[in-house]
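Understanding the architecture of this molecule
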Amino acid sequence: MLELIPKILMYKFMRKHDLLQLLPINFTVSVLYSCNSRCKTCNIWKKEAKNLTLSEYELIFKKIGKAPYWITISGGEPFLRKDLPEICEIIYRHSRPAIINIPTNGLLTEKIVADVKKIATTCKKSQLIINLSVDGIGKQHDEIRQIPNNYKKVMKTYSQLQDLKLKNLSIGIHTVISRFNVEDFPKIANVLLSMHPDSYITEIAEEREELDTKGAKITPSLISYRSAIDFLSHRIKNNKFKGMSKITQAFRIEYYNMVKKILRDQTQVIPCYAGIASAQISPDGEVWSCCIKANSLGNLRQQDYNFKKIWFSKNAKKERISIKNKECYCPLANASYTNMLMDIPTLLRVFYRSFIKWWS
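Structure report, in brief. (Residues numbered from 1 in each chain as written. Predicted model: local features only at pLDDT ≥ 70, side-chain atom pairs only at ≥ 80, totals over all residues. Heavy atoms only, no water.)

Looking now at the sheet that holds strand β6 (residues 199-204). An order of β6-β5-β4-β3-β2-β1-β7-β8-β9 is seen for the nine strands of this open sheet, with the pairing classed as mixed. What marks the edges here is a single partner per strand, and that holds for β6 and β9 (296-299). Taking each pair of neighbouring strands and ignoring which way they run, the sheet shows an average axis angle of 25°. With six bridges connecting them, strand β4 (residues 127-133) and strand β5 (residues 169-177) associate as parallel partners. Of the residues in β5, the one forming a bridge with S133 is H174. Where helix α12 (residues 333-342) meets the sheet, it contacts β1 (26-30), β2 (70-74), β6 and β7 (278-281), and its direction lies at approximately 170° from that of β1. (Pairing = 2+ DSSP bridges. Helix = DSSP H or I, 4+ residues; strand = E, 2+ residues; numbered from the N terminus. Axes fitted to C-alpha atoms, helices over the stretch in contact; angles between N-to-C directions. Contact = heavy atoms within 4.5 Å.)

Here it is in structure tokens:
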């Protein structure tokens, strides 16, 4: 983390002066839209794309180089790609990210376990985080995901991944809080936390261009979300964490508080660094500042797979100025954690909670 401090200061300076000379530290790489779930909070499976190939990822990340610190491999369902371990190996070989994060619905137990073992072994110096999506307990999860026996399958995957006991592997659980489960969230959180995952994270259901959920009315009300997240914050504050886990949980508290403020004020509450410190690559090579707007800054296939050419283009600068002027706002978790790293008041509160006063 300490090696990020010079970059954080540079990102802040460059954002202020509308001058960008660095590549992002946070990349989300969507490797396909296909999915074997039919979630009420996501319609991404309806979209089609001509997916980037291994040789294309080789060209892209060879030119990106060592810039990424955090890589998220997303979908659709990432493990539907037969060559997912090979994609991760290419990224690792060229970029050496400190963290590789892969969310999954957990349905393909045997393939997920085999692929995770291969990825963790190949990418030895990266922390591999596998986040299993669980939005309810038992039948409620199956109903939200609209797949019979989904809950049993994801629990089987969770158990078998834990049995791997690999040093660079962390197994987390992720819950999307939506209008379909917000009232039951305390029960859901209690059950999942009792399973002692390496991490438990939540994200609010959003109407995203990428997920084809614009106008779907899946976001819970501010009152119901605040009640759910206050319960989770209370649970976190009353647990005893050590070392890095203490810092991680402090960031989680900050994120949950920030989401409440965004929903209340309908604006950015801290500066957004999407398009500066974080970026997304779609399955067919479009480069986005974030997946909420999914505005194409350019297509890698049309620019000789040169990410830099797109990232430092006039089109990308126009997008960054729009974000800086607060013409958009959202509680997107992936970008938000990067934003918090760039925000000095947030970092001071995290430091205070982690090292001076344990959960004020």
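Attention now goes to the packing of helix α3 (residues 84-95) against helix α4 (residues 109-122). Where α3 meets α4, the axes come as close as 9 Å, and the angle between the chain directions of the two elements is 15°. Between α3 and α4, the crossing angle belongs to the class labelled roughly parallel. For α3 against α4, the interelement crossing comes out right-handed. Contact residues: L84, P85, E86, C88, E89 and Y92 in α3; D115, K118, I119 and T122 in α4. Looking at the contact of α3 with α4, its residues break down into five nonpolar, one polar and four charged. (Parallel < 35°, antiparallel > 145°, perpendicular 65-115°, else oblique. Left-handed = near helix turned anticlockwise from the far one by under 90°. Nonpolar A, V, L, I, M, F, W, Y, C, P; charged D, E, K, R; others polar.)

Between its first and last C-alpha, helix α8 (residues 222-237) extends 22 Å over 16 residues, near the 22 Å set by a 1.5 Å rise per residue. Looking only at α8, the buried set comprises S224, Y225, A228, I229, L232, S233 and I236. An end-on view of α8 places all buried positions within 165° of arc, on one side of the element. (Expected span 1.5 Å × (residues − 1). Buried < 20%, exposed > 50% of the residue type's maximum accessible area, 1.4 Å probe, protein only. Arc of directions from axis to C-beta.)

Moving on: the nonpolar core. Residues I73 and F307 are the most contacted members of the largest nonpolar core, which totals 94 residues. It is helix α9 (residues 243-265) that provides the largest number of residues to this core, a total of ten residues. Residues Y33, L211, I292 and A294 belong to the second largest nonpolar core, which totals 15 residues. (Core = buried A, V, L, I, M, F, W, Y, C linked by side-chain atoms within 4.5 Å.)

Before going further, it helps to examine the pairing of β2. For a regular strand, the rule is simple: side chains alternate between the two faces of the sheet. For β2, the buried fraction is high: four of the five residues fall into the buried class. With five bridges joining them, β1 and β2 adopt parallel strand pairing. Looking across to β2, one finds that S30 is bridged to S74. With helix α2 (residues 54-64) bridging β1 and its parallel neighbour β2, the resulting β-α-β unit is right-handed. (Right-handed = clockwise from strand over helix to strand, strands pointing away.)

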